[in-house]
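Coordinates in review
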Amino acid sequence: MSTEIQEMPEPGEIILATITKVMDHGAYVTLDEYDDIQGFLHISEIAPGWIRSVSRFVRDGEKKVLLVKKVNAQRGDIDLSLKQVSKDQKKQKLKEVKKFEKGKTLLQNVQEKAKLSDEEVEKLEDNIYSKFDSVYDAFILIGRNGIESVKELKLAKKTATVIEDICSKIKLPSVEIRGIMEITNNQSNGVEIIKKTLLDIIKKDSTIDITYLGAPKYRLSITSEDFKSAEKLLKPIIEEIETNIEKKKGSFKFTREDSKKTREN
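Thresholds, definitions, all that
Residues numbered from 1 in each chain as written. Predicted model: local features only at pLDDT ≥ 70, side-chain atom pairs only at ≥ 80, totals over all residues. Heavy atoms only, no water. Core = buried A, V, L, I, M, F, W, Y, C linked by side-chain atoms within 4.5 Å. Buried < 20%, exposed > 50% of the residue type's maximum accessible area, 1.4 Å probe, protein only. Helix = DSSP H or I, 4+ residues; strand = E, 2+ residues; numbered from the N terminus. Contact = heavy atoms within 4.5 Å. Domains from an automatic or database assignment. Buried area = accessible area lost by both parts, 1.4 Å probe. Salt bridge = Lys/Arg side-chain N within 4 Å of Asp/Glu carboxyl O. Polar contact = N/O pair within 3.5 Å; in protein donor to acceptor, adjacent residues only side chain to side chain. Nonpolar A, V, L, I, M, F, W, Y, C, P; charged D, E, K, R; others polar. Pairing = 2+ DSSP bridges. Axes fitted to C-alpha atoms, helices over the stretch in contact; angles between N-to-C directions. Parallel < 35°, antiparallel > 145°, perpendicular 65-115°, else oblique.

1. With respect to the nonpolar core
Ranked by size, the top nonpolar core spans 24 residues in total, and within it Val110, Leu124, Ile128, Phe139 and Ile163 carry the most contacts. Secondary-structure elements contributing two or more residues to this core are helix H1 (87-114), helix H2 (118-129), helix H3 (135-145) and helix H4 (157-167). The element contributing the most residues to this core is H3, with six residues. Excluding residues that lie within four positions of it along the chain, Ile163 makes contacts with Val110, Leu124, Phe139, Ile142, Ile147 and Leu155. Ile15, Ala27, Leu66 and Val68 belong to the second largest nonpolar core, which has 20 residues in total.

2. Things to note about the domain arrangement of the chain
For an interface, size is often stated in terms of accessible area lost upon the parts coming together. Along its sequence, the chain is carved into domain 1 (14-85), domain 2 (89-169) and domain 3 (174-262). Taken together, the seven residues of domain 1 in the interface contact five residues of domain 2. Of the roughly 520 Å² buried between domain 1 and domain 2, counting both surfaces, carbon and sulfur atoms make up 71%. Taken as a group, Ile14, Leu16 and Val65 account for 67% of the area that domain 1 buries against domain 2, more than any other trio of residues on that side. Across the contact surface, domain 1 and domain 2 share one salt bridge. Lys93 serves as the salt-bridge partner of Glu33, at 2.7 Å between the closest nitrogen and oxygen. At the junction of domain 1 with domain 2, the criterion picks out two residue pairs in polar contact (both at pLDDT 80 or more). With three residues, strand E1 (residues 14-23) is the largest single contributor of residues to the side of domain 1 that touches domain 2. Here the residues of the side of domain 1 that touches domain 2 are counted per class, giving five nonpolar, one polar and one charged.

3. Looking at the sheet that holds strand E3 (residues 37-42)
In spatial order, the strands read E1-E2-E3-E5-E4; together these five strands close into a barrel with mixed pairing. Put simply, the sheet's adjacent strands are angled 50 degrees from each other on average, direction ignored. The pairing of strand E2 (residues 26-31) with E3 spans six bridges and is classified as antiparallel. Each bridged residue has a counterpart across the sheet, and for Tyr28 the counterpart in E3 is Phe40. Relative to E1, H1 is tilted by about 100 degrees, and along the sheet it contacts E1 and strand E4 (63-72).

4. A closer look at the packing of H1 against H3
The contact between H1 and H3 brings their axes to 7 Å, and the two run at 65 degrees. Here H1 is positioned roughly perpendicular relative to H3, judged by the angle of their axes. Residue-level contacts link Lys99, Lys102, Gly103, Leu106, Leu107 and Val110 of H1 to Val135, Tyr136, Asp137 and Phe139 of H3. Of the residues belonging to the contact of H1 with H3, the class tally is six nonpolar, one polar and three charged.

Quick look at the structure:
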């Protein structure tokens, strides 16, 4: 008789589950992150208001982000809710799952290329999780800053070389914020003043790009690893351009455009 204790989720936890059986009064699901143990989603927790048909909201084989309402470990009962999961919670959970899956794929690549045993790759995974929230986060850091950025992991030389090679091929996630600058200077050397001001800015940082759209408009874009750092760069750049243009008796106006986020591999 097995004495192994099945790990159970905690009430209030957000989990990913697969619908396995839709019924008139709700749906049975398996919890993807808990060895596919079973939980139940009652009709009253599927959507607000009166529900005529459960199958309008959930289907067999469909994956759903759910909230754990109650857990009875002795009976093995897990009560779940779909309607109490917010859009932000759903988005965050799916992001975490995506990161986990990417990390799994990256570790498989390391195992194949470094010829690691299952036990060795499991130890490597545990080592990474002791320092990072996910394998994917660790590999992105290496992709940005090199293998030295994770020296605390004390990786074997062969494994480190393989990981660094894999990370060099990852398309790093980034964001782009941008806007339109309207710059004029009616002096005889006005064009040269504008050109020099903008070239001086570009030379300062390789993440800055300025595109001429036709007088008097120029597009300024800044690429960074996240919106916070990009926004931090933007303000002083705009202020510097505006100050230098107005010092030379020119005019300056800046209008923000929609930001963009690159897809992660």
